[in-house]
Amino acid sequence: MCLAVPARITKIEGDLAKVDFGSYVNQEVNVALVEAKEGDYVLVHAGYAIQVLDKKEAEETLQLWNELLKMEELNT
Amino acid sequence: MSTLTSFRDPELAKRLVNDIKKLHPPHKTVVCHVCGTHEWTVTHFGLRTLLPDLVEVIAGPGCPVCVLPAADIDVAVELALKGVTITTFGDVLRVPGSQSSLVEAKAQGGDVRVVYSIQNAVKMAKKEPDREFAFFAIGFETTAPLTANEVLKAPPNLSFLTSHRLIPPAMEFLLGVGDLQIDGFIAPGHVSTIIGLEPYRVFSEAYNMPVVVAGFEPIDVLIAVDMILRQTKKSEAKLENEYSRAVKPEGNLKALSLMAQAFNVVEGRWRGLGRLPQSALALKEEFVEQDALQKHHLRKKKGKDLLPGCQCHLVMIGKIKPSECPLFMETCNPNEPKGACMVSNEGTCRIWAQHGGTRIQ
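Residues numbered from 1 in each chain as written. Chains lettered and ligands numbered in written order. Predicted model: local features only at pLDDT ≥ 70, side-chain atom pairs only at ≥ 80, totals over all residues. Heavy atoms only, no water.

1. As for the state of the cysteines
All names here are of chain B. This structure, assessed with the given rule, holds 2 disulfides over all chains. The disulfide bridge from Cys-63 ends at Cys-66, spanning 2.2 Å between sulfur atoms. Between Cys-63 and Cys-66 the disulfide shows an S-S torsion of about 75°. By sign, it is right-handed. Residue Cys-63 shares its accessibility class with Cys-66, and that shared class is buried. Put simply, Cys-312 and Cys-341 are joined by a disulfide, and their sulfur atoms are 2.2 Å apart. Disulfide Cys-312 to Cys-341: torsion about the S-S bond roughly 120°, handedness right-handed. Pair noted here: Cys-312 is in helix α15 (residues 312–315) and Cys-341 is in helix α16 (residues 340–343), with a separation of 29 residues, a long-range link. Cys-312 gets classed as buried once you look at its relative accessible area, which sits at 3%. Under the relative-accessibility criterion, Cys-341 is labelled buried at 2%. Looking at Cys-32, it has no disulfide partner, and the nearest cysteine sulfur is the one in Cys-35, 11 Å off. Cys-32 sits in the buried class, given a relative accessible area of 0%. Cys-312 supplies the cysteine sulfur nearest to Cys-310, a cysteine that is in no disulfide, at a spacing of 4.5 Å. (Disulfide = S-S within 2.5 Å. Buried < 20%, exposed > 50% of the residue type's maximum accessible area, 1.4 Å probe, protein only. Helix = DSSP H or I, 4+ residues; strand = E, 2+ residues; numbered from the N terminus.)

See below:
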C-alpha cells in the first residue's frame, strides 16, 4: 500500500500532470500535494505524487557510502 | 535515472554486507522494520541470507490491509448489501470480516468496485450522480493525505469509510510487547515523506532506540542495517535519515495540512493488536455528509479478528515467522488465504509464500 514509484513529470496542467515511469509507461497523476515542475522526478503513490525526488541527495548518499566503505576496507 | 539503479548495485551490496559482518555484534541484534514494502525488499532480494547469523531483520505491523479490523470490513459489507456502491483498493476485497469479505458481498449482489486511485473513485461517483458511493479509505500516513484532499471537495453522492492508521503509535506498541527483542527501527520511507523525522524522535530520545528512515532498494535497507549496527556498537541511539533523496526533515507540509483539515487523531483498533491510543484518523465533525457511517446511519460493531489457528497477530509484530504458523502453506496459502497477512501483497505471509522467506528454523 505504501508502494511509491519514481516517475518524471513531462507536462503539468493545474493539479494534474503527465508522468513518464520509463519503458513508455505514461500516466496522469495528481500533483496537488507537491511543488513540482516539468522535468522533476516525483514519487507516485496511488495516483498522487507525494514528494519530489532530489537527485543530488541520492548521489550524495551513494558517494558518502562509497567513501566510508573505502576507508573501512583500507583499515583492514 | 541511473542513480536509481545504483541503489541495486550488487558490488556495493557486497561491500556493505562485508562491512556489516565486520561490525559483528557480540550478541543477537534485532532490527525491526514496519513496512510491507521493506519486507518485500528484504525477502525478494534475499537480504536475510546475506546478513550474519546474529543480525536478524523482523517485520512489524506495516501492512495497512492486514491491520484492518474485522469490524471495519463488516461495516463495508453492510453498506454494500444496503445498496451503496463500495470503491476501494484491490487488496481489501478478500480481507476476511467476521462473517464475510467484500468479495463475498459482491457475490451476494453488492456493488463493490476496485480502483487503483481514489481519483478513480471520485470520477466514478461524478459519472453516476444518481448512485450512492462510499470509498473505503485505508492506508497509513502515505495514503491519508490523498483521502483528505478528496474529502474536502467530494461530490454529494460520495462518502468515505475511513480506516486510516498511523505508524508511530504502532512502533510504540511494539516496544511494550514483553519478550520481543528490538534493537533498532528501520522507519518506513514513504510514510516519512509525509510525516518527516520528528514523530520518530521519541524512540531515539525516550526509548534509547536507534531509528533510521530508509528507502526501499536493497542498498537502502543494507545501509540502514549498517547504520543501526554502527549506533548499537557505540551504544548510541540516534534518529538518522538514509532516504534523504525523498524524505525532508519536515515532511510534506501541504499533505500534513490537508490531513489536519480533514481528520482528528483518535484511538484505533488494529487487527490482532487491539486498541492503540492516538493511532487512527477520523473525519472531523464538519464532514458529517462525507462520513459514510453517519450518512447511512451505521455503527461499527465488535468484530471477530482471528480465525482459529491463525497466527497473524504474532506474525504482524514479528514475534513469529510465517513458517512458524501451523496454517502457513497448509490450509492458508495465496490461493485460499485464511488470515489477513496472506491476503495482501504487503502481508508478511503472502510475501514469504511468493518470494520464499528464509531462516525457516
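2. Details of the domain arrangement of chain B
All names here are of chain B. Domain boundaries assigned for chain B yield domain 1 (4–63 + 169–241), domain 2 (70–166 + 251–295) and domain 3 (312–352). Look at where the C-alpha atoms of domain 1 and domain 2 centre, and you get two points 31 Å apart. Between domain 1 and domain 2, the buried area comes to about 1,100 Å², and carbon and sulfur atoms account for 77% of it. Contact with domain 2 buries area across many residues of domain 1, yet Pro-169, Phe-173 and Ile-194 alone supply 50% of it, more than any other trio. Along the contact surface separating domain 1 from domain 2 lie 0 salt bridges. Across the contact surface, domain 1 and domain 2 share 3 residue pairs in polar contact (both at pLDDT 80 or more). Of all the secondary structure elements, the ones that give two or more residues to the side of domain 1 that touches domain 2 are α9 (167–175) and α10 (189–195). Ranked by residues supplied to the side of domain 1 that touches domain 2, first place goes to α10 with 6 residues. Its residues placed into classes, the side of domain 1 that touches domain 2 shows 8 nonpolar, 5 polar and no charged. (Domains from an automatic or database assignment. Buried area = accessible area lost by both parts, 1.4 Å probe. Salt bridge = Lys/Arg side-chain N within 4 Å of Asp/Glu carboxyl O. Polar contact = N/O pair within 3.5 Å; in protein donor to acceptor, adjacent residues only side chain to side chain. Nonpolar A, V, L, I, M, F, W, Y, C, P; charged D, E, K, R; others polar.)

3. Examining unusual backbone geometry
Residue and element names in this part refer to chain B. The backbone phi angle of Gln-278 is positive, close to 50°, even though this residue is not glycine. Summarising the element assignment, Gln-278 is placed in strand β11 (residues 274–283). Positive phi outside glycine occurs at Met-329, with the angle close to 60°. Structurally, Met-329 is set in the loop between α15 and α16.

4. Quick word on the sheet that holds strand β6 (residues 158–164) of chain B
Residue and element names in this part refer to chain B. Spatial ordering of the open sheet is given by β4-β3-β5-β6, a layout of 4 strands whose pairing is parallel. Looking at the sheet topology across the chains shown, the edges are occupied by β4 (112–114) and β6. Mean inter-strand twist for the sheet, computed between neighbouring axes without regard to direction, equals 25°. Taken together, the 3 bridges between strand β3 (residues 85–88) and β4 define a ladder with parallel strand orientation. Residue pairing in the sheet places Ile-86 in a bridge with Val-112 of β4. (Pairing = 2+ DSSP bridges. Axes fitted to C-alpha atoms, helices over the stretch in contact; angles between N-to-C directions.)

5. Regarding the packing of aromatic side chains
All names here are of chain B. Inspection of the entire model under this criterion finds 7 aromatic pairs over all chains. Ring centres of Phe-185 and Phe-203 lie 5.5 Å apart, and the angle between their planes is 65°; this geometry places the pair in the edge-to-face category. Of this pair, Phe-185 sits in strand β7 (residues 184–188) while Phe-203 sits in helix α11 (residues 201–205), and the two are 18 residues apart along the sequence. For the pair shown, Phe-185 and Phe-203 are each scored as buried. Between Phe-216 and Tyr-243, the ring centres sit 6.1 Å apart and the planes meet at 90°, which makes this aromatic pair edge-to-face. Of this pair, Phe-216 sits in the loop between β8 (211–214) and α12 (218–233) while Tyr-243 sits in the loop between β9 (239–241) and α13 (253–262), and the two are 27 residues apart along the sequence. There is no split in this pair, since Phe-216 and Tyr-243 are both buried. An aromatic cluster of at least three residues, connected via ring pairs, comprises Phe-89, Phe-135 and Phe-160. (Phe/Tyr/Trp six-rings, centres within 6.5 Å; stacked < 30°, edge-to-face > 60°.)

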